[in-house]
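Below, each chain spelled out in residue letters.
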Amino acid sequence: MSRADSGTDERLPAWAIWRQRPFPDANLLLIDGREAALVDSGFVGHAQQTAEWVRAHSENLTRVVNTHWHADHVGGNALLQARGAGIAAGAPDADALARRDPGCCLAEYLDQPVAPYTVDEPLDDGQMLRLGNADWEVVRTPGHTPGHLALWQPEERLLVVGDALSDYDVGWVNSALDGPDATVVALQSLDRLTDLRPRVLLPAHGPIPADPDAALASARRRAQRLVDDPDGAVWYGVHRIFAFALMIRDGIPVDEVESYLHARAWLTDAARLLRLTPESLAAELVDTMVRGGGVVVRSGRLHAAAEHTPVTPGSMRVPFPRAWPAQAPAGSHCP
Ligand SMILES: [Zn+2]
């Protein structure tokens, strides 16, 4: 078992249990203590493994806190909620989920499955949360999504950053849905995180950065490039979305890739921003990713090249939010 898998890291206090996971799952962070909390819950196809890992490390999970509602962060919510945990998430996400807005989690838009869940505790900027035995501050960090939040523990100077940045990149932004200022907003959020001067950064993907200041500085440079190059920002997003689609489907048959792409709302939106037809964007996307090594052809299927955990096809069969049952009465899931 590698160090990352063992749930320990010498930079973290004993009550912060961390496990790095490859895509399509966000990393696991369990904050143990009287009010044990899990930050993000991975992809729906691995919800059972997530729940087992939590149970192996803590007996009484009080809540799950979501940094944002993308499928790789909220996929274990339904199962953990059914077992008694409360779900806490940013207020904008909570409002849309309460309305059962068809845009919830961007599940349908991005074609990424999410099992139905509800938010018990909407979180606002500056709110203090008791997680484990420590107080954490909610830090709104819009950009990657409008409802994105970070979590700050001032005594230990731990900063949970979700997808705002990782050791190797910066979160992609969706200028089509969130407007042309989304990249500027993301950069401002990174400024806010930098001002906290964290001792340890806990990103949702990849390792814990060895040097948090350097990771933040590098993320800010990348975010500035997205501000300066709006087309580049759109390209960055479509690369990430398509790679994720390939990962959760165990690749897509080569002769079905173009028809898959042409039917996607995210691709049509990106094509409009790039002043291309969806057909030409789809062709160029596949071509640049094959040439750049981001995707590979194996046994007639196009696969994402990056390390990822296989997903059982049956575990993906959940309805999109427009078909989710209406939200249960308030309080029914309170811890
Ligand atoms: Zn995300």
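Residues numbered from 1 in each chain as written. Predicted model: local features only at pLDDT ≥ 70, side-chain atom pairs only at ≥ 80, totals over all residues. Heavy atoms only, no water.

Draft legend 1. View of the coordination of the zinc ion. Around the zinc ion, the protein supplies His68 (NE2), His70 (ND1), His144 (NE2) and Asp163 (OD) as donor atoms, at distances of 2.2 Å. Coordination at the zinc ion is irregular, judged from the four donor atoms that bind it and the angles of 86 to 172° they form at the metal. When the donor residues of the zinc ion are listed from N- to C-terminus, their spacing reads H-x1-H-x73-H-x18-D. Of this pair, histidine 144 sits in the loop between β8 (134-140) and β9 (149-153) while aspartate 163 sits in the loop between β10 (158-162) and α6 (175-178); the two residues are 19 residues apart in sequence, bridging distant segments of the chain. (Donors = N, O, S within 2.8 Å, 3.2 Å for Na, K, Ca; no water. Tetrahedral: all angles 85-135°; square planar, octahedral: opposite > 155°, others 65-115°. Helix = DSSP H or I, 4+ residues; strand = E, 2+ residues; numbered from the N terminus.)

Draft legend 2. Spotlight on the side chain of histidine 73. Mapped onto the elements of the fold, histidine 73 is located in helix α2 (residues 71-74). By relative accessible area, which is 0% here, histidine 73 ends up buried. If sequence neighbours within four positions are ignored, histidine 73 has contacts with Ala26, Asp40, Ser41, Gly42, Asn66, Thr67, His68, Asp163, Ala204 and His205. (Buried < 20%, exposed > 50% of the residue type's maximum accessible area, 1.4 Å probe, protein only. Contact = heavy atoms within 4.5 Å.)

Draft legend 3. Inspection of the packing of aromatic side chains at higher detail. One pass over the structure, following the stated rule, counts three aromatic pairs. When the centroid spacing of 6.4 Å and the interplanar angle of 80° are considered together, the rings of tryptophan 15 and tryptophan 136 count as edge-to-face. Of the two residues, tryptophan 15 is situated in the segment before β1 (16-19) and tryptophan 136 in strand β8; the sequence distance between them amounts to 121 residues. Of the residues examined, tryptophan 15 reaches a relative accessible area of 27% and is grouped as partly exposed. (Phe/Tyr/Trp six-rings, centres within 6.5 Å; stacked < 30°, edge-to-face > 60°.)

Draft legend 4. Seen up close, the pattern of salt bridges. With the rule as written, the count across this model stands at 16 salt bridges. The shortest N-O distance in the salt bridge between aspartate 125 and arginine 192 comes to 3.0 Å. Remark: arginine 192 occurs in helix α7 (residues 182-195) and aspartate 125 occurs in the loop between β6 (121-123) and β7 (128-131); sequence separation between them is 67 residues. Each of Glu35, Arg63 and Glu121 takes part in one network of salt bridges that share partners. (Salt bridge = Lys/Arg side-chain N within 4 Å of Asp/Glu carboxyl O.)

Draft legend 5. Focus on the pairing of β10. Most of β10 is tucked away: five of the five residues are buried. Burial along β10 is two-sided: Leu158, Val160 and Gly162 and Leu159 and Val161, pointing in opposite directions, are all buried. Examined bridge by bridge, β9 and β10 share three bridges and lie antiparallel to one another. Note that in β10 the partner of glutamine 153 across the bridge is leucine 158. Between β9 and β10, which pair antiparallel in sequence order, lie four residues; one of them, arginine 157, sits at a positive phi of approximately 55°. Taken together, the four bridges between β10 and strand β11 (residues 200-203) define a ladder with parallel strand orientation. Looking at the pairing, glycine 162 lines up with proline 203 of β11. (Pairing = 2+ DSSP bridges.)

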